[in-house]
Amino acid sequence: MTELKPHSAHWGAFEAVVENGRVTGVRPFARDPNPGALIQSVPDAVHSRVRIDRPYVRSGWLKGERRGSLRGSDAFVPVPWDQAIRLVAEETQRVRGAFGHASIMGGSYGWSSAGRFHHAKSQLQRFLGLGGGYTTQVTNYSYGAGMTLMPHIVGTNDIMQGQVTDWPSIAKHTKLMFCLGGLPLKNALVTAGGAGAHEYVPWLKQVAEAGVRFVNVSPFKGDTPDFLDAEWVPIRPNTDTALLLGMAHVLLAAGLEDRSFLATHCTGWDKLRPYILGDADGVPKTPEWASAVTEVPAATIRRLALEAGAAPTMLTATWSIQRAEHGEQPWWMLVALAAMLGGIGQPGQGVVFGYGSLNGMGTPRWELPSVSLPATRNPAGVAIPVSRVTELLERPGEVMQYNGRDIPLPDIRMIWWAGGNPFHHHQDLNRLLRGWCRADTVVVQEPWWTAPARHADIVLPATTTLERNDIGSSSRDRFVRAMHQAIPPLAQARNDHDMLADMADALGFRDRFTEQRDEAAWLRHLYERWRAACARQGFEAPDFDRFWTEGFVETPRPDQDFVLFSDFARDPAAHPLNTPSGKVELFSETIASFGYAEIGGHPEWHAPREYLGAEQARRFPLHLLSYQPATRLHGQLDQGRVAQASKVQGREPMLMHPDDAAARGLSDGAVVRMFNDRGAVLAGLKLSEGIRPGVVAMATGAWWDPGEDGLDRHGNPNVLTQDVGTSRLGQGCAAQSCLVEVVAFDGPLPAVAVLQPPQILEPA
Ligand SMILES: Nc1nc2c(c(=O)[nH]1)N[C@H]1C(S)=C(S)[C@@H](COP(=O)(O)OP(=O)(O)OC[C@H]3O[C@@H](n4cnc5c(=O)[nH]c(N)nc54)[C@H](O)[C@@H]3O)O[C@H]1N2
Ligand SMILES: Nc1nc2c(c(=O)[nH]1)N[C@H]1C(S)=C(S)[C@@H](COP(=O)(O)OP(=O)(O)OC[C@H]3O[C@@H](n4cnc5c(=O)[nH]c(N)nc54)[C@H](O)[C@@H]3O)O[C@H]1N2
Ligand SMILES: [Mo]
C-alpha cells in the first residue's frame with residue numbers, strides 16, 4: 001500500500017511516499033515554484049546504514065575513564081534504554097553537585113531539523129534550563145560578527161535577519177546591484193525551519209528581466225548564476241574592506257558623496273573621512289592603494305565607484321564575508337559606502353546582508369511570528385559567543401573578552417549535544433578534539449553516526465522527523481507545514497523530547513518539562529499560540545484541525561513593497577535608529593571605548609593573519625574558501641544520493657584553477673592532499689577557470705573521518721581552518737581566513753570509514 005504524508009525539511013517541503021513502513025520517495029510540495037534536488041536524499045538518510053539503532057556507551061567510559069580519556073578510538077557497547085537514561089541522569093546530578101550548573105556545556109548549537117516542537121537543541125536547552133542551568137552559546141556561526149556589530153551602528157539586526165528591502169522594490173528601483181560574495185544559487189536551497197516555497201530563483205529572474213545590472217565581487221565566478229550575466233570581479237579573499245575604501249576614495253575625489261545624508265542621518269563622518277583620505281594615518285585609500293591589496297585593477301575600482309555614485313544602487317554582501325578575521329570591517333564599510341551614496345531607506349537602494357545567503361531573504365511577506373517552542377530561562381546565566389567553544393574548553397577559570405564585557409570561563413565537566421554537529425561547524429577540529437577530551441563525560445543525541453556521536457561517551461539514538469509528528473515553520477517562509485509521521489521509529493530510536501522527559505522523570509521534574517502534554521497536545525498548543533499571535537496582527541489562520549488535515553497554512557503576501565529604514569530616511573528625528581546617536585554610526589564611541597586594538601571606532605583595513613598578502617602565504621600559498629555545500633545542508637544529507645554523486649573517488653571535491661594545478665603537476669579527478677600546520681585532508685580535485693588563481697574552495701559538510709595518523713580521509717575543510725574570533729568585538733567564526741598547500745597524494749588510497757557504523761562490542 002502506498003501512502004503520501006505531508007512533510008517538511010530545511011531543504012524543502014514534500015509529500016513522503018511510504019510503502020510497507022519505508023519511505024521510498026518524495027514528491028515536492030505542489031505550491032513550491034522551484035523545488036530543489038536535496039529532498040531526493042531524504043529516503044537515503046532515513047534508512048541509512050549509519051542510523052544509530054540503539055543506545056551505546058563508550059567501552060572506556062563504562063570502565064570508569066573520565067576526564068582526559070581519548071574519545072573516538074574506543075568501541076561502543078550497546079545498553080538498554082533504561083540503563084542509558086539512568087547513567088545520564090546520575091552523571092548530570094554528580095556533575096551539577098560537584099562542579100555547579102555551569103560545568104555542563106549545553107548550548108548545543110546547530111540547525112537540528114525543521115520541526116519546531118521536536119527541535120532537538122530547544123528541547124535539550126529546555127531540559128537543562130529546568131534542571132538548574134548550563135553554559136550556553138549566544139550569536140551564531142552564520143553572522144556572529146555582524147550580529148554583534150550592527151546594533152552598535154544601525155541599531156538592529158533586521159539588516160541581515162529580519163524583514164529587508166524586498167525583491168519587488170529592487171526590481172522597480174535598482175539599477176546596479178553590487179554583490180560582495182555574489183548571489184549564489186546553492187544557498188537558497190534551504191530555509192531554516194522549512195522551505196515551503198523556493199522563491200529566490202523566480203525573483204532573481206524577475207529582477208534581471210527588469211534590467212538591473214549585477215556585479216559579482218568574489219574569488220568564485222560561480223557565486224552568481226549565468227542568467228544574471230554579472231560582471232565578475234575576482235577579488236583576493238578577505239580584502240573587501242580595502243576595495244570598499246578605494247571606492248569611497250573615488251566618490252570623495254569626485255565630490256559624489258551625499259553630504260546632506262551624511263550630515264543629517266549619520267554620525268562620525270568627520271572621523272571616517274580623514275581616514276579615507278589618509279589625513280589620519282598618512283595612507284590615502286586610493287584605488288591604487290586598494291588595488292595593491294585586492295588585486296582588482298584600480299581602473300575597475302574607479303569605474304564601479306562612479307557607476308554606483310551615478311545610479312540607484314543596492315549594496316549587498318553575503319554572510320560569509322564577515323566569517324573571516326576582522327569580519328566586522330567589510331560589513332561596517334559597506335554600511336559606510338551606502339551612507340555615502342545616500343541610499344539607505346530609499347526604495348531599491350541602501351544595504352542589506354545576505355540576499356544570497358538563504359532562501360527567503362527579500363521575499364515579500366508579512367512580518368508574522370513563526371511557530372516555536374517557548375524559550376526557557378537559564379538560571380546558570382553563563383553564555384559564550386558560540387564559536388569560542390574550544391577556548392571555553394581550554395581555558396577554565398580565565399576570562400574571555402566579548403563586546404566590551406569580560407566573561408569568566410567555567411570549568412566544563414560535561415558536554416551535551418543534541419541537534420548540532422560541532423565536528424562539522426567548528427574550526428581547527430584537531431584542536432577542538434583536544435578540548436573535547438578534557439570533559440569528564442560527553443552525551444550526544446543523534447539519529448546518525450556523525451563525528452560527534454563517534455566522539456561521545458553516551459550515544460542516544462534519535463528519531464528523524466519522518467518518525468514523528470511536527471510543525472515546520474520559518475519567519476522567512478509564507479507556508480506553515482504540517483509534518484505527519486510517515487513511519488514508526490526505526491530500531492530503538494526515540495524522540496528527543498521523550499528521552500529527555502524520561503531523564504526529567506529520573507531527576508524529579510517530568511511534569512515541569514512536559515507540562516503534562518503529549519506530542520499531540522503540544523502541537524495543538526504551539527499552533528494555537530501562533531494562531532492567536534497572528535490574529536493580533538490581523539491574520540486569521542485556520543484552526544489546528546483544519547491546518548492538520550489540509551497539511552499547510554499559507555500566510556498572505558503584503559500589498560506594498562517593503563523598504564528597510566524608510567521611516568528613518570524620511571524623518572530621522574521622528575524615527576531615530578536604536579543607536580546611541582539615533583543615527584548611522586560611521587564612528588562608534590561605544591566600540592572605541594572598548595579599547596580593542598583590532599577594532600577601533602570606525603571601519604578600517606586590517607590585514608588578517610592568513611590571506612594571500614600575508615607572510616604565511618610563502619609556506620601555504622593557497623587561500624582556502626570553505627563555503628556552504630550545494631549538495632546537502634552542512635553535514636546533513638551527506639550520506640544521501642545527491643552528496644554522494646558529487647564525490648570524487650569518494651572524497652569531497654575541491655576546486656582549483658588549472659594554472660595552480662599545472663604548477664603542482666595535478667590533474668582533474670585526482671585525489672590530493674591539502675594541508676597546513678593544523679592538519680591534512682584528502683580531496684577530489686576539480687579544475688575550474690571560475691576560481692581565481694591562488695584560491696581553492698571546498699564545501700563544508702563531508703563527515704569528518706580521521707585515520708590513525710590524523711589524516712582526514714573524506715575532506716572536511718574544518719581540519720584546516722583557523723580557530724580565532726573575528727575580533728574581541730564580534731568573536732565570530734573566522735573560517736574563511738585560511739591558507740593551505742595542496743600536493744599529489746601518492747600512497748594507497750584509504751577507504752572512507754565514516755559512512756559505516758563504528759566498532760560495536762557485544763552487550764556486557
Ligand atoms: N569552515 C566553515 N565552517 C562552517 C561554516 C563555513 O562557512 N565554513 N559555516 C558555519 C555555519 S554558518 C553554520 S550555521 C554551521 C552549521 O553547523 P550545524 O548546524 O551544527 O550543522 P548540521 O550538520 O546541520 O548539524 C545538525 C545536526 O543535528 C542532527 N539532527 C538532525 N535532526 C535531529 C533530531 O531530530 N534530533 C537530534 N538529536 N539530532 C538531529 C543532524 O544529524 C546533524 O548532525 O557550520 C558552520 N561551520
Ligand atoms: N545548500 C545549502 N545552502 C545553505 C547552507 C548549506 O549548508 N547548504 N547553509 C545555510 C547557512 S547555515 C548559512 S549561514 C548560509 C551562509 O551563506 P553565505 O555565508 O552567504 O554562504 P557561503 O557559501 O559560505 O559564501 C558565499 C560565497 O562567498 C564567497 N566568499 C568567501 N570569502 C569571500 C571573501 O573574502 N570575499 C568575497 N568577495 N567573497 C567571498 C565564496 O565564494 C562563497 O561561495 O547558507 C545557508 N544556505
Ligand atoms: Mo549558518
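Residues numbered from 1 in each chain as written. Chains lettered and ligands numbered in written order. Predicted model: local features only at pLDDT ≥ 70, side-chain atom pairs only at ≥ 80, totals over all residues. Heavy atoms only, no water.

A.B. asks: Even after reading the chapter, I still don't get the overall build of the protein, so can you show me in this structure?
C.D. replies: Looking only at helices and strands, the protein features 26 helices and 29 strands. Overall size of the protein, expressed as C-alpha extent along the three principal axes, is 80 × 65 × 50 Å. By sequence separation, contacts in the protein at least 24 residues apart represent 75% of the contacts at least 6 residues apart. Total accessible area computed for the protein in this model is approximately 25800 Å², and 49% of it derives from carbon and sulfur atoms. Counting 72 positive and 82 negative side-chain charges, the protein places the averaged centre of each group 2 Å from the other. (Helix = DSSP H or I, 4+ residues; strand = E, 2+ residues; numbered from the N terminus. Contact = heavy atoms within 4.5 Å. Areas by Shrake-Rupley, 256 points an atom, 1.4 Å probe, with all protein chains shown as cover. Lys, Arg positive; Asp, Glu negative; His and termini not counted. Charge placed at Lys NZ, Arg CZ, Asp CG, Glu CD.)

A.B. asks: What is the right way to look at the site of ligand 2 in this model?
C.D. replies: Neighbouring ligand 2 are 30 residues; Lys 186, Asp 223, Asn 238, Ser 320 and Ser 357 lie closest to it. A distance of 2.8 Å is found between a nitrogen atom of ligand 2 and a side-chain nitrogen or oxygen belonging to Asp 240. Backbone polar atom of Pro 629 to a nitrogen atom of ligand 2: 2.8 Å apart, as the coordinates give it. When isolated, ligand 2 has an accessible area of 920 Å², and the protein chains bury 99% of it. Considered class by class, the residues forming the shell around ligand 2 number 15 nonpolar, 10 polar and 5 charged. (Near = heavy atom within 4 Å. Polar contact = N/O pair within 3.5 Å; in protein donor to acceptor, adjacent residues only side chain to side chain. Nonpolar A, V, L, I, M, F, W, Y, C, P; charged D, E, K, R; others polar.)

A.B. asks: Just checking my understanding: could you explain the sheet that holds strand β22 (residues 552-554) for this structure?
C.D. replies: Pairing between sheet strands relies on hydrogen bonds along the backbone, with the strands arranged either parallel or antiparallel. Within the open sheet, the 3 strands sit side by side as β20-β21-β22. Their pairing is antiparallel. A single partner strand is all that each edge strand has here, and the edge strands are β20 (470-472) and β22. Each strand of the sheet is rotated relative to its neighbour by a mean of 15 degrees, with strand direction disregarded. Docked against the sheet, helix α21 (residues 519-536) engages β20, β21 (479-483) and β22, running at close to 30 degrees with respect to β20. (Pairing = 2+ DSSP bridges. Axes fitted to C-alpha atoms, helices over the stretch in contact; angles between N-to-C directions.)

A.B. asks: Where do I start with the site of ligand 1 in this structure?
C.D. replies: Around ligand 1, the structure places 34 residues, and the nearest of them are His 425, Glu 446, Arg 468, Asp 496 and Asn 718. The side chain of Gln 427 places a nitrogen or oxygen atom 3.3 Å from a nitrogen atom of ligand 1. Put simply, the parts of the chain that give the shell around ligand 1 at least two residues each are α16 (422-425) and β18 (441-446). Tallied by class, the residues present in the shell around ligand 1 amount to 8 nonpolar, 22 polar and 4 charged.

A.B. asks: Please explain the packing of helix α4 (residues 120-130) against helix α19 (residues 496-506) as it appears in this structure.
C.D. replies: Any two packed helices are characterised by how steeply their axes cross, that is the angle between the axes, and by the distance between the axes. Contact geometry of α4 with α19 gives a least axis separation of 10 Å together with a crossing angle of 10 degrees. In terms of orientation, α4 and α19 fall into the roughly parallel class. Touching Ala 120, Gln 123, Leu 124 and Phe 127 of α4 are Asp 496, His 497, Leu 500, Met 503 and Ala 504, all from α19. Taken together, the residues of the contact of α4 with α19 break down into 6 nonpolar, 2 polar and 1 charged. (Parallel < 35°, antiparallel > 145°, perpendicular 65-115°, else oblique.)

A.B. asks: Explanation requested: the UniProt feature "domain: Molybdopterin oxidoreductase" (unreviewed entry) in the protein in the structure shown.
C.D. replies: Listed under "domain: Molybdopterin oxidoreductase" (unreviewed entry) in the UniProt record, and renumbered for this structure, are residues 51-505. Across residues 51-505, the secondary structure splits into 36% helix and 16% strand, with the terminal C-alpha atoms separated by 27 Å. (UniProt positions renumbered as here; feature names shortened; annotations may be inferred.)

A.B. asks: Honestly, the pairing of β21 in this entry has me stumped. Any pointers?
C.D. replies: Sheet faces and side chains relate simply in a regular strand, where the side chains alternate between the two faces. With respect to burial, β21 is a largely interior element, 5 of its 5 residues being buried. Both β20 and β21 contribute to a ladder of 3 bridges, which runs antiparallel. Within β21, the position partnered with Gly 472 by the bridge is Arg 481. Here β20 hands over to β21 after 6 residues, the two strands then running antiparallel side by side. The pairing of β21 with β22 spans 3 bridges and is classified as antiparallel. Each residue of the ladder has a partner; that of Arg 481, found in β22, is Phe 552. (Buried < 20%, exposed > 50% of the residue type's maximum accessible area, 1.4 Å probe, protein only.)

A.B. asks: I keep staring at the packing of aromatic side chains and nothing clicks. Help me out?
C.D. replies: Any pair of aromatic rings gets described here by the distance separating the centres and the angle formed by the planes. According to the stated counting rule, one finds 29 aromatic pairs in the structure shown. Seen in terms of ring centroids, Trp 605 and Tyr 611 are 5.9 Å apart; in terms of plane orientation they differ by 70 degrees. Their pairing is edge-to-face. When its relative accessible area of 17% is taken as the criterion, Trp 605 is described as buried. Here Tyr 611 falls in the buried class, since its relative accessible area comes to 8%. Ring pairs connect the aromatic residues Trp 366, Tyr 527, Trp 530, Phe 539, Phe 544, Phe 547 and Trp 548, which therefore count as one cluster. Positioned above the aromatic ring of Tyr 627, the side-chain terminus of Lys 186 is 4.8 Å from the ring centre. We note Lys 285 situated over the ring of Tyr 275; from NZ or CZ to the ring centre the distance is 3.8 Å. (Phe/Tyr/Trp six-rings, centres within 6.5 Å; stacked < 30°, edge-to-face > 60°. Lys NZ or Arg CZ within 6 Å of the ring centre and 35° of its normal.)

A.B. asks: Whenever I open this one, the domain arrangement of the protein confuses me. Can you help?
C.D. replies: Where interface size is quoted, it is often the accessible area lost as the parts come together. Splitting the protein by domain gives domain 1 (51-140 + 381-554), domain 2 (164-364 + 571-593) and domain 3 (615-744). The straight-line distance from the C-alpha centre of domain 2 to that of domain 3 is 28 Å. Listed as interface residues are 25 residues of domain 2 and, on the opposing side, 25 residues of domain 3. The contact between domain 2 and domain 3 buries some 1900 Å² in all, and 59% of this surface belongs to carbon and sulfur atoms. (Domains from an automatic or database assignment. Buried area = accessible area lost by both parts, 1.4 Å probe.)

A.B. asks: I would appreciate a short explanation of the nonpolar core in the present structure.
C.D. replies: Within soluble globular proteins, side chains that are nonpolar tend to cluster in buried spots. Ranked by internal contacts, the top residues of the largest apolar core, which has 168 residues, are Met 150, Met 177, Phe 178, Phe 353, Met 654 and Met 674. Apart from the residues lying within four places of it in its own chain, the contact partners of Met 674 are Leu 624, Met 654, Gly 679, Ala 680, Val 681, Val 696, Met 698, Leu 720, Val 740, Glu 741 and Val 742. Ranked by size, the runner-up nonpolar core spans 29 residues in total, among them Trp 81, Ala 84, Val 95 and Val 443. (Core = buried A, V, L, I, M, F, W, Y, C linked by side-chain atoms within 4.5 Å.)

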